[in-house]
Amino acid sequence: MKKLSYLIFTIIASQIILSCGKTKSKDAPLPKDRQEAVYVCTDNNNLISYQANSGAKLWEVILNGSCKGTPVLYRKKIYLHTGSGNLYSIDVITGKISREVATMFPSNSALIASNGRIYIAADKLYCYDTTLTQIWVYDAGTCTSSPQIDGDKIYLGIGDKLHCVDMSGANVWQSPAIAAGSITSSPRVSNGIVYYGAQDKNIYAIKATDGSPVWNYLTIDKVESSPIVYGGMCVIGSTDYDIYCIDTISGQLRWKYHTLERVNSSPNIHEESNTIIVGSYDFNLYGINHVDGQLKWKYPAGSLIKSSPVVYGNNVYFSAFDRYMYCIDARDGRLIWKQFMNANSQGSTIVDNLKDGVFGTESGMSAY
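This structure is a prediction, so every number in the text was calculated from the model and none was measured.

Trainee: Can you tell me about the overall build of the chain, naming the residues and giving the values?
Mentor: Regarding its fold elements, the chain presents one helix and 33 strands. When the backbone C-alpha atoms are referred to their principal axes, the chain occupies close to 105 × 45 × 35 Å. Burial status across the chain gives 56% buried among its 368 residues. Put simply, of all contacts in the chain between residues at least 6 apart along the chain, 42% involve residues at least 24 apart. For the chain, the exposed surface amounts to about 15900 Å²; the carbon and sulfur share of it is 51%.

Next up, the structure:
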């Protein structure tokens, strides 16, 4: 009996040992958790992802060419276009390239996404679907600003005119030509009015329905920053070193704040503290009271700030030409973290908030 029990035990033990072999499961591994993250393109032909709260690097993907514009986050994918003419769809969790298409046109403008379409402002305005298949082309000349979508219309600068285009790629209207230069400021649409700056030194407000003028405000130099519209005020920077706050109804100056260099960065707003946040070529990121234009704080970066700050919660994200990515507290300008990117970034960061994404004001996806 003891021998029989021993034999049965030996057989069972052998089966257990054999079942514990090193053969890998054929099941796919569980996906990584999606995290709140910050994404930035650099001049080193790469896209980098950082954890939003700690600044820890999550992943990096190498691109064919550099992306000097701002990418767009849409339906768990990052879409971007490089100056060498490559359109990408990239997974936000892994950083792996889902799809890459050679478009054969150069572009360094921001992208915009809506209703399953990706719009690219380049030598023409292009519309693609999310499989990166071209749908239509609006050919009215080289696009000079990033596009903005409001409702079922797309607004963008093309040379010296602002264009309104419908979702089929047909022209709705064009604004009168500006006096000099072109429109590189991304338009902002609010309550039926389109706001933008231009190289003829003016800040413009025109009707979204037909492009007819509402008001314009003359600054001292080119206006290449993009506006925000918040609390009845249009706030925008100028290359005359000033930040302007204009009443959206009257077109009259509410206040202006003087920096020590050009302001090509586009302002953003921290709503909780009512703080306008904007960078300058004088190396500083400024926090300014939205109501009276008084300085609340400023943070000194190591070089000029061209990118537009992105506000998410109490954090502000921006890059400077010292090759660092910064995260600043929007309430007091205190440094939270910074990471060395080993390259400059020409565009603005975007934030994955696990929903629709948070974008810099220069991007057409901005809330302001």
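After presenting the structure, the write-up continues.
Trainee: Kindly report on unusual backbone geometry, identifying the contributing residues and their values.
Mentor: With a phi angle near 65 degrees, Lys76 is a residue other than glycine that sits in the positive phi range. Examined against the element boundaries, Lys76 turns out to sit in the loop between β4 (72–74) and β5 (77–81). Judged by its relative accessible area of 53%, Lys76 is exposed. For Lys201, which is not a glycine, the phi torsion comes out positive at approximately 85 degrees.

Trainee: I'd like to hear about the side chain of Ser107, residue by residue, with values.
Mentor: Inspection of the secondary structure puts Ser107 in the loop between β7 (97–102) and β8 (111–114). Residue Ser107 is classed as buried on the basis of its relative accessible area of 3%. Among the polar contacts listed, one links the side chain of Ser107 to the backbone oxygen of Ala121, at a separation of 3.1 Å.

Trainee: Explain the sheet that holds strand β21 (residues 233–237) to me, using residue names and the numbers behind them.
Mentor: In space, the four strands of this open sheet follow the order β20-β21-β22-β23, with antiparallel pairing throughout. Across the chains shown, the open sheet's two edge strands, defined by having one partner strand only, are β20 (228–230) and β23 (253–258). Taken pair by pair, the neighbouring strands of this sheet meet at an average axis angle of 20 degrees, ignoring direction. Alignment of β20 against β21, held across three bridges, turns out to be antiparallel. Within β21, the position partnered with Tyr230 by the bridge is Met233.

Trainee: Quick one: what's the story with the packing of aromatic side chains, residue by residue and with numbers?
Mentor: Within the structure shown, the criterion is met by 15 aromatic pairs. Ring geometry for Tyr155 and Trp173: centres 6.1 Å apart, planes at 50 degrees, overall tilted. In this pair, Tyr155 sits in strand β13 (residues 153–158) while Trp173 sits in strand β15 (residues 171–174), placing the two residues 18 residues apart along the sequence. Its relative accessible area of 6% is what places Trp173 among the buried residues. Above the ring of Tyr324, the side-chain terminus of Lys338 is found at 4.6 Å from the ring centroid.

Trainee: Pulling in residues and values, what's your account of the sheet that holds strand β33 (residues 358–359)?
Mentor: Strand order in the open sheet made by the five strands is β3-β2-β1-β32-β33, with antiparallel pairing throughout. Each having just a single partner strand, β3 (57–62) and β33 make up the two edges of the open sheet. When strand β1 (residues 37–42) meets strand β2 (residues 46–51), the two strands line up antiparallel, connected through six bridges. If you follow Thr42 over to β2, its bridge partner there is Asn46.

Trainee: Summarise the environment of Ile135; cite the residues concerned and give the values.
Mentor: On the secondary structure map, Ile135 appears in strand β11 (residues 134–138). Since its relative accessible area comes to 37%, Ile135 is described here as partly exposed. Here the alpha-carbon distance between Ile135 and Asp160, two residues 25 residues apart in the chain, equals 26 Å. In this structure Ile135 touches Arg117, Cys127, Tyr128 and Asp129, once residues within four positions along its chain are discounted.

Trainee: Lay out the pairing of β7 with the relevant residues and their values.
Mentor: One ladder, built from five bridges, connects strand β6 (residues 86–91) with β7; its direction is antiparallel. Its bridge partner being in β7, Leu87 is matched across the sheet by Val101. From the end of β6 to the start of β7, which pair antiparallel, there are five residues, and Gly95 there has a positive phi angle of about 80 degrees.

Trainee: Summarise the nonpolar core; cite the residues concerned and give the values.
Mentor: Tyr39, Leu47, Ile78, Leu80 and Ile90 are the most contacted members of the largest nonpolar core, which totals 30 residues. Breaking this core down by element, the ones donating at least two residues are β1, β3, β4, β5, β6, β8, β9 (117–121) and β10 (125–129). The contact partners of Ile90, leaving out residues within four places of it in the chain, are Leu47, Trp59, Val61, Leu63, Lys76, Lys77, Ile78, Leu80, Gly95, Lys96, Ile97 and Ser98. Tyr230, Val263, Ile276 and Ile288 belong to the second largest nonpolar core, which has 15 residues in total.

About the thresholds
- Residues numbered from 1 in each chain as written.
- Predicted model: local features only at pLDDT ≥ 70, side-chain atom pairs only at ≥ 80, totals over all residues.
- Heavy atoms only, no water.
- Helix = DSSP H or I, 4+ residues; strand = E, 2+ residues; numbered from the N terminus.
- Buried < 20%, exposed > 50% of the residue type's maximum accessible area, 1.4 Å probe, protein only.
- Contact = heavy atoms within 4.5 Å.
- Areas by Shrake-Rupley, 256 points an atom, 1.4 Å probe, with all protein chains shown as cover.
- Polar contact = N/O pair within 3.5 Å; in protein donor to acceptor, adjacent residues only side chain to side chain.
- Pairing = 2+ DSSP bridges.
- Axes fitted to C-alpha atoms, helices over the stretch in contact; angles between N-to-C directions.
- Phe/Tyr/Trp six-rings, centres within 6.5 Å; stacked < 30°, edge-to-face > 60°.
- Lys NZ or Arg CZ within 6 Å of the ring centre and 35° of its normal.
- Core = buried A, V, L, I, M, F, W, Y, C linked by side-chain atoms within 4.5 Å.

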